Amino acid sequence: MTARGKNTVRDLRRGSRSTLLRRLYFDGPLSRQELGSITGLSAGSISNVTGELLADGLIEECGSVESDGGRPRILLRVAAGRAHLVGVDVGETQVRVALFDLARTELAASDRPLDDRGHDAGHVAELILAGLAEVLERTGTDPGSVLGVGVGVPGIVEQGAGPDLGGGAGAVVHGQTVGWDAVPLGRMLRAGTDLPLFVDNGAKTLGQAEMWFGAGRGARHAVVALFGSGVGACVIADGARFRGATSSAGEWGHTKVHVGGRRCRCGARGCLEAYVGAEALVARWGAAPPGGGEKAGLAALLAAAGAGDPAAVALLDEAAEYFGAAIADLVNLFNPERIVIGGWAGLLLGPRLLPGIRAAATEYALRFPREQTEIVLGTLGPAAVTVGAATLPLSDFLDSGGEFPRRADAPTVGAGVPAELRA
């Protein structure tokens, strides 16, 4: 019997595989010699583990580089087509499902608008499952190659003990702004697919994407802000996402900027979201083209401000000040080295608002921590939540050293949500 607290040979092997896979994934292509220098693993371990990963088809040779006085060094990289990832963004107006290879190349996507049922949980689950079946069918992808389905949702996600890896089948969502009260989304999705499930807050998936591949890369302490119809944040502390006691950390949009102020979608008054969220901005302006939706309304507001409309200019200037003051709170509370503003509204309004946001943050934050913090726009575009959702099964795969997850005992992909789970 192995003594408690002792690593088994299997644990050590998996750890070495995980270390090399992560290095090749984020920093590759690399030679075996470079891997040894970076990881500190012995030449024998590097040779054995890379041999295993090559045999498993998880990595591949991709050319060579000259060495000093010796034979050329073979470069290795992760094999992009060996497995697939699915990312889902449950947005304000639609559900987006995208299929990626391991290089994050989008192979297919399904955008399904929410109908007049809005965020009815059963409706959303059906759209996710239908989109999943669509992207797999369109690409001819074997479901056995899919590492999992990551889902980014509005609200707080309570991770349960599901039967699949990651516990996604037990995920329960508390989404106050969309009327979700302890919705068993994981169980609803499990009723229609046997693929591994991973469910998390959309702002947190955005944060992971920007930290891994975008404007947050290289920072150990950061905040990634999602600025869309609502407002959220992902706090990164010493390289790890800060979740809090019940995974609700980052509900920044519901911090108070005006006591007794405007009514927020959550039901409280004076929330940041009620002043800078896209829905609130369009409603407060009141001159958006009818029937155009929030994106069209925000674009019209921006155009009006660009043309010098006093009301539009004043509203955007006020939004920049509120946003900057709220960022000052993040600076004072978390002392990040970088704050990244993302989300579709953040990327749309960012070029105009960023100078005002930075100025307000400087005015309201403590001087010393503010001087250490840069405030930048995200670089991954409006699909960052979907990409971030896909990183949930990817992270599990890399942690495991490249083990393919076991499939749950559930219906095949594409089955619907039973009536008893629609509520």
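Each chain carries its own residue numbering, running from 1 in the written order of its sequence. In view of the model being predicted, local features appear only for residues whose pLDDT reaches at least 70, and side-chain atom pairs are presented and counted only at 80 or more, with totals across whole chains, interfaces and linings using the full set of residues. The basis for every side-chain value is the complete set of non-hydrogen atoms in the structure, without hydrogens or water.

Enquirer: Explain the sheet that holds strand β1 (residues 30–31) here, please?
Expert: Strands pair in a sheet through their backbones, by hydrogen bonds, and they do so in one of two ways: parallel or antiparallel. Two strands pair if DSSP finds at least two bridges between them. By the criteria applied, helices consist of DSSP H or I runs no shorter than four residues and strands consist of E runs no shorter than two, each listed in order from the N terminus. One open sheet holds the three strands; their spatial order is β1-β3-β2, and the pairing between them is antiparallel. Strand pairing shows two members of the sheet lacking a second neighbour, β1 and β2 (59–65), which therefore form its edges. The pairing of β2 with strand β3 (residues 73–78) spans five bridges and is classified as antiparallel. Residue pairing for β3: Glu-61 is matched across the bridge by Leu-76.

Enquirer: Just to check I follow, could you spell out the pairing of strand β4 (residues 84–90) for this structure?
Expert: Along any regular strand, the residues point their side chains to alternate faces of the sheet. Among the seven residues in β4, seven count as buried, and that is most of the element. Classification of residues uses two cut-offs on accessible area relative to the type maximum, computed with a 1.4 Å probe and protein chains only: under 20% is buried, over 50% is exposed, and between them is partly exposed. Residues of β4 alternate between two faces, with His-84, Val-86, Val-88 and Val-90 on one and Leu-85, Gly-87 and Asp-89 on the opposite face, all of them buried. Connecting the antiparallel pair β4 and strand β5 (residues 94–101) is a turn made up of three residues. Across five bridges, β4 lies against strand β7 (residues 146–153) in parallel orientation. Bridged to Val-88 within β7 is Val-151.

Enquirer: Sorry, what's going on with the confidence of the model for the chain here?
Expert: Detailed reading of the predicted coordinates is not advisable wherever pLDDT falls low. Values of pLDDT, ranging from 0 to 100, describe the predictor's confidence in every residue of the model. When pLDDT is averaged along the chain, the result is 89, and 92% of the positions lie at 70 or above. What makes two residues a contact is simply this: any of their non-hydrogen atoms within 4.5 Å. Counting contacts from residues 162–166, a segment whose pLDDT is below 50, to residues more than four positions away or on other chains yields 17 contacts.

Enquirer: Is there a simple way to think about the nonpolar core in this case?
Expert: Inside soluble globular proteins, nonpolar side chains tend to come together where they are buried. Judged by nonpolar contacts, the single largest core of 45 residues is most densely connected at Trp-252 and Ile-327. Of all elements in the fold, only β12 (222–227), β13 (231–237), α7 (273–276), α8 (278–285), α9 (293–306), α10 (310–334), β15 (338–342) and α11 (344–364) reach the threshold of two or more residues within this core. Here this core gets 12 residues from one element, more than from any other, and that element is α10. What Ile-327 contacts, discounting residues up to four positions off in sequence, is Trp-252, Ile-339, Ile-341, Ile-357, Ala-361 and Ile-375. In terms of nonpolar packing, the next biggest core, distinct from the first, is built from 33 residues, Val-88, Ile-128, Val-146 and Leu-195 among them. By convention a nonpolar core is built from buried Ala, Val, Leu, Ile, Met, Phe, Trp, Tyr and Cys residues, the set being connected through side-chain atoms within 4.5 Å.

Enquirer: How do you make sense of helix α6 (residues 202–213) when you look at a structure like this?
Expert: In an α-helix, one full turn covers 3.6 residues, which means residues spaced three or four apart are oriented alike. Multiply 1.5 Å by the residue count of a helix minus one, and that product is the helix's expected span. If you check α6, its first and last C-alpha atoms are 16 Å apart, about what 12 residues at 1.5 Å a residue would give, namely 16 Å. Burial analysis of α6 places 12 of its 12 residues in the buried class, the great majority of the element. Every buried residue of α6 is accounted for by Gly-202, Ala-203, Lys-204, Thr-205, Leu-206, Gly-207, Gln-208, Ala-209, Glu-210, Met-211, Trp-212 and Phe-213. Polar contacts here mean pairs of N or O atoms no more than 3.5 Å apart (in protein, one a potential hydrogen donor and the other a potential acceptor; neighbouring residues in sequence count only if both atoms are side-chain atoms). Structurally, the start of α6 carries an N-cap: the backbone nitrogen of Ala-203 is 2.9 Å from a side-chain oxygen of Asn-201.

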